[in-house]
Amino acid sequence: MQKLKYERPYIKKLNAGIMNKFGTRTDSQAFTHIDGVPVKSLIAEYGSPVFVLSEKQIRRNYRSAYRAFSTRYPKVQFAWSYKTNYLNAVCKIFHQEGSWAEVVSGFEYRKAIGNGVPGNKIIFNGPNKPKEDLLLAIENDSLIHIDHFEELTLLLKISENLTAKPRVAIRVNMDTGIYPSWDRFGFNYENGEAWNALTRIVNSGKLQLVGLHCHIGTYVLSTAAYAIAATKMADLAWSCKTQLKQTIEYLDLGGGFPSTNTLKGSYLPGADTVPSVDDFAEVITTTLLNSGLPKHDLPLLILETGRALIDDAGYLLGSVVANKRLGDGKRAMVVNFGVNILFTSFWYEHQISPAQDFTPHVENMTVYGPLCMNIDVVRESVNLPLLNPGDHVVVHKVGAYNMTQWMQFITQRPAIVLIDEQQQTHLIRTSETLNYVEEPETTPPHLIK
Ligand SMILES: *Cc1c(COP(=O)(O)O)cnc(C)c1O
């Protein structure tokens, strides 16, 4: 065993942030293995920093979410939100489990096709669908969720010369009691634009209205908001049936369930406070079953859950670079990964665990990344033991949005490893090389010697 570092006694004023009656939590044990694979051997084989994903946890999350809805409602379909994590290996796990694809750009659309998703199982969302993307989606019989009147007009124009009717839904935004409400996407429910759009679609005779879609926010903590959303969606579906003589085949309630990460400034850890997927399923399905929609002919319920299905399956392993005392006496630690690859550290207080035995002496500190930028703060205030340069740390619950929103900045982005259910490791994305970064560049001739 490694010799523990002697820590010289040091007297300083306590600066540990807001106290609460539960005290502050720190790990009492080193976090040494992920799904039975030693953290040390992952770093030895794939480098540091490195992202690690657990296939077992992804499948477990998917199955328990699917069970939560399908045991309460007769027809349920999940569609994997590509932008949450569109590594092909990740998408394929969800597709193997039965997920459709939910995409928000032509790039993601083509990725889904490349992953072998049948065109009619791709949901095409988003405010910007250029004509060539719409043509591709129509050709593949995909589900096009219209965001605004310009898109509707364009679709009507395209469909004039078609024999088959493109299958469409509209995205609806609405007041669900959470503010600010996401009314920038889709057609508003309260002001009648949604109804106006639905009327135009049905009356055109050129488009096949198959569904209604909403996505009311992300990391939503209120189950009641989904009750309001489900009620308004069911109302619209009923109005379509009674007034436009159009049966709505599916209601897509979008994503937005929180992961168990802790939001910045929260009084209690996320794991203790966020509602579970079961809680959301209970509210949504109860609302739909009691909405007055005919029981024998209920619409398919689609969910586009992203972060709640993958956040806790992702880890970032890294190394300690240095320790220092700041001007005010506070301790700081520098690590070898920054906010450019850990975007979610802007809104989450990610748990950081030492990956080897450590001294019992814990101190409040700031954790900085290596970016040479003042905003590169991984944790503003966290209680950690003194770690030695070269020691390893594990950042938890980083599976959602980091591997899609990450930025290449002064370093190359790290490798991503998947641990399969048999505890075998697979490199699913190599670390970037200098060549990879420079490949799209060209140097004008006068600058080449
Ligand atoms: C991002 C997004 C999702 C996934 O949201 P989560 O909050 O991660 O569950 C689902 N649907 C749409 C339309 C989105 O833009």
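Just so you know, these numbers come straight off a predicted model, no measurement behind them. One numbering rule holds for all chains: residues counted from 1, following each sequence as written. This being a predicted model, a pLDDT of at least 70 is required before a residue's local features are given, and a value of 80 or more before pairs of side-chain atoms are given or counted; all residues contribute to the totals for chains, interfaces and linings. Side-chain metrics in this entry use all non-hydrogen atoms of the structure; hydrogen atoms and water are not considered.

The next thing to look at is the overall build of the chain. Only DSSP runs of H or I covering at least 4 residues are called helices, and only runs of E covering at least 2 are called strands; the numbering of each starts at the N terminus. Each helix and strand counted, the chain has 13 helices and 20 strands in total. Taken along its principal axes, the extent of the C-alpha atoms in the chain is 80 × 65 × 45 Å. Whether a residue is buried, partly exposed or exposed follows from its accessible area with a 1.4 Å probe, protein chains only, as a fraction of its type maximum: under 20%, in between, or over 50%, in that order. Out of the 449 residues belonging to the chain, those deemed buried represent 51%. Pairs of residues are marked as contacts when any of their non-hydrogen atoms sit within 4.5 Å. Long-range contacts, defined here as pairs at least 24 residues apart, represent 70% of the contacts in the chain between residues at least 6 apart. What sets the accessible areas is the Shrake-Rupley method with a 1.4 Å probe; for residues, cover comes only from the shown protein chains. On the chain, roughly 20900 Å² of surface is accessible, and the fraction owed to carbon and sulfur atoms is 53%. Across the chain, the 44 positively charged side chains and the 44 negatively charged ones have centroids separated by 2 Å. As used throughout, the charge tally considers Lys and Arg to be positive and Asp and Glu to be negative, leaving His and the chain termini uncounted. By convention, charge coordinates are those of NZ in Lys, CZ in Arg, CG in Asp, or CD in Glu.

When two helices pack together, their arrangement is captured by the angle between the axes and the distance separating the axes. Interaxial angle, 0 to 180 degrees, is taken between N-to-C directions of lines fitted to C-alpha atoms, where a helix line uses only the stretch in contact. The geometry of helix H4 (residues 106–114) relative to helix H5 (residues 131–139) is characterised by a closest axis approach of 10 Å and an angle of 30° between their N-to-C directions. Here H4 is positioned roughly parallel relative to H5, judged by the angle of their axes. Note on packing geometry: the crossing formed by H4 with H5 is left-handed. For the pair H4 and H5, the contacting residues are Gly 106, Tyr 109 and Arg 110 in the first and Glu 132, Asp 133, Leu 136 and Ala 137 in the second. In this classification, Asp, Glu, Lys and Arg are treated as charged, Ala, Val, Leu, Ile, Met, Phe, Trp, Tyr, Cys and Pro as nonpolar, and every other residue, Gly included, as polar. Of the residues contributing to the contact of H4 with H5, the split by class is 3 nonpolar, 1 polar and 3 charged. Any angle from 65 to 115 degrees is called roughly perpendicular, while one under 35 is roughly parallel, one over 145 is roughly antiparallel, and all others are oblique. Working rule for handedness: look at the near helix, and if it is turned counterclockwise from the far one by less than a right angle, call the crossing left-handed; if clockwise, right-handed.

The next thing to look at is the pairing of strand E12 (residues 300–303). Two strands are said to pair when DSSP picks up at least two bridges between them. Where strand E4 (residues 76–81) lies against E12, 3 bridges are found, and the strand directions are parallel. Residue Phe 78 lies in a different strand from E12, and its bridge partner there is Leu 303. Pairing geometry for strand E11 (residues 250–252) and E12, over 3 bridges, is parallel. Counted as the bridge partner of Tyr 250 is Leu 300 from E12.

Moving on, we come to the site of the ligand. Taken together, the neighbourhood of the ligand is formed by 16 residues, with Lys 83, Thr 218, Glu 304, Gly 306 and Tyr 401 sitting nearest. Lys 83 places a polar side-chain atom, nitrogen or oxygen, 2.5 Å from an oxygen atom of the ligand. In the environment of the ligand, an oxygen atom lies 2.8 Å from a nitrogen or oxygen atom belonging to the backbone of Gly 256. Starting from 390 Å² of accessible surface for the ligand in isolation, the protein chains cover 95%. Residue classes in the shell around the ligand are distributed as 1 nonpolar, 10 polar and 5 charged. Near is defined per residue: the residue qualifies when any heavy atom it owns lies within 4 Å of the molecule or strand. A 3.5 Å cut-off defines polar contacts: any pair of N or O atoms within that distance qualifies, except that in protein one atom must be a possible hydrogen donor and the other a possible acceptor, and neighbouring residues in sequence count only when both atoms are side-chain atoms.

Time to look at the pairing of strand E8 (residues 167–173). For a regular strand, the rule is simple: side chains alternate between the two faces of the sheet. Counting buried residues along E8, 7 of its 7 residues qualify, which places the element largely inside the surrounding structure. Judged by which residues are buried, E8 turns out to be covered on both faces: Arg 167, Ala 169, Arg 171 and Asn 173 on one side and Val 168, Ile 170 and Val 172 on the other are all buried. Strand direction decides the pairing type here: strand E7 (residues 143–146) and E8, joined by 3 bridges, are parallel. Among the inter-strand pairings, Ile 146 is bridged to a residue of E8, identified as Ile 170. Crossover handedness is defined here as right-handed if the route from the first strand over the helix to the second strand goes clockwise, with the strands pointing away from the viewer. After leaving E7, the chain enters helix H6 (residues 149–159) and then returns to the sheet as E8, a path that is right-handed. Both E8 and strand E10 (residues 208–213) contribute to a ladder of 5 bridges, which runs parallel. Residue Arg 171 lies in a different strand from E10, and its bridge partner there is His 213. Sheet topology note: the E8/strand E9 (residues 187–188) ladder contains 2 bridges and is parallel. From the neighbouring strand, Val 172 faces E9, where its bridge partner is Phe 187.

Right, let's talk about the domain arrangement of the chain for a bit. Segment limits for the domains were obtained from an automatic or database-derived domain assignment. Taken as a whole, the chain is organised into domain 1 (33–52 + 313–431) and domain 2 (55–311). The C-alpha centroid of domain 2 is placed 33 Å from the C-alpha centroid of domain 1. Facing the 25 residues of domain 1 at the interface are 26 residues of domain 2. Between domain 1 and domain 2 the total buried area reaches about 2300 Å² when both faces are included, carbon and sulfur atoms providing 52% of it. Here, a salt bridge means any side-chain nitrogen of Lys or Arg that lies within 4 Å of a carboxyl oxygen of Asp or Glu. The interface formed by domain 1 and domain 2 includes 1 salt bridge. Where Arg 59 meets Glu 421, a salt bridge forms, and the shortest distance between an N and an O atom there is 3.7 Å. Linking domain 1 with domain 2 are 18 residue pairs in polar contact (both at pLDDT 80 or more). Broken down by secondary-structure element, the contributors of at least two residues to the side of domain 1 that touches domain 2 are helix H12 (402–405), strand E19 (415–419) and strand E20 (425–429). Buried area: the sum, over both parts, of the accessible surface (1.4 Å probe) that disappears when the two are put together.

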